[in-house]
Every structure is written in structure tokens, then in C-alpha cells.
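Next come the chains, spelled out residue by residue.
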Amino acid sequence: VQLQASGGGLVQAGGSLRLSCAASGFALSSYNMGWFRQAPGKEREFVAAIMWNGDFTSDAASLNGRFSISRDNAKNTAYLQMNSLKPEDTAVYYCATTSEWPYGGARRPNEYEYWGQGTQVTVSS
């Protein structure tokens, strides 16, 4: 079971990035997916989650709709589209799988079983 996050990089404030999370060794369609981020010295923070079939999504209210999560089960890949990026979005972004979907989606790191290695996103002002 492996999750490979990619697509991070350096971008100017106001720009966009799309992160990908490719699964190998298992069918991503068997799991709900989530994205988290962690900035230096801070706790891991929920970003967005998507149900296994894509029917429901959940995202952090603090993002004000700037980010959106999606998935393509045929490609065994999940995505995080990030728009209007701000310097405070700078962090390592992680994708993860979960079998849980409580009301409002799985938002806690301990609800997730498998994690990717993370991809660095740096937003310059």
C-alpha cells in the first residue's frame, strides 16, 4: 500500500497549484480520501476530504472555498486544486486514506490509516 503525493512547488501569492495523490498496491476506490497540511512548528491541519465515490466532500471552513478536492478512481488518483494561494498556505501537504466518514467527513488525522510522504508547497509574497 503506497500513496504518492506530488505537484507541490514554489508559487507566488495569488497563484494556483494542483496536487495529486496516486495510489499503488490497492484500489483507491475502496477508501475515502483526505488532504492535510502541516506547517513548521504547527499541528497537522485538515484541508479537505472526499467520499470513496466522490459523492460528498468536506473542506476546512477557513479556506473559504479556495481549495477543492476531487478524485478519479479509474486513475487511482485523488487531487487537491488550490487557488488564490496565500503565504500562510505554505506547508507540507499530505494525502491519506480512511474507512470512516462521520457527519461532516473525517477531519481528524487519527481517523486515517495510510499516509503519503507529503509534498512541499511554498507560497511567496
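Every chain is numbered independently, its residues counted from 1 as its sequence is written. This being a predicted model, a pLDDT of at least 70 is required before a residue's local features are given, and a value of 80 or more before pairs of side-chain atoms are given or counted; all residues contribute to the totals for chains, interfaces and linings. Excluding hydrogens and water, the side-chain values take into account all heavy atoms of the structure.

The next thing to look at is the packing of aromatic side chains. The aromatic pairing rule takes the rings of Phe, Tyr and Trp, using the six-membered ring of Trp, and pairs them if the centres are within 6.5 Å, calling planes under 30 degrees apart stacked, those over 60 edge-to-face and the rest tilted. The full count for this structure, using the stated rule, is seven aromatic pairs. Between Tyr 31 and Tyr 114, the ring centres sit 6.4 Å apart and the planes meet at 85°, which makes this aromatic pair edge-to-face. With Tyr 31 in the loop between strand E3 (17–24) and strand E4 (32–38) and Tyr 114 in strand E10 (residues 114–115), the pair connects residues that are 83 residues apart, well separated along the chain. Ring centres 6.4 Å apart and planes at 80° place the aromatic pair Tyr 94 and Trp 115 in the edge-to-face group. Of this pair, Tyr 94 sits in strand E9 (residues 91–98) while Trp 115 sits in strand E10, and the two are 21 residues apart along the sequence. The secondary structure listing takes helices from DSSP runs of H or I that are at least 4 residues long and strands from runs of E that are at least 2 residues long, numbered from the N terminus.

What follows covers the pattern of salt bridges. A carboxyl oxygen of Asp or Glu within 4 Å of a side-chain nitrogen of Lys or Arg is what we treat as a salt bridge. A complete count under the given rule lists four salt bridges for this structure. With its nearest N and O atoms 2.8 Å apart, the salt bridge here joins Arg 37 to Glu 45. The class for Arg 37 is buried, based on a relative accessible area of 9%. The exposure class of Glu 45 is partly exposed, given its relative accessible area of 32%. Burial classes: relative accessible area under 20% of the type maximum marks a residue as buried, over 50% as exposed, and values in between as partly exposed (1.4 Å probe, protein chains only).

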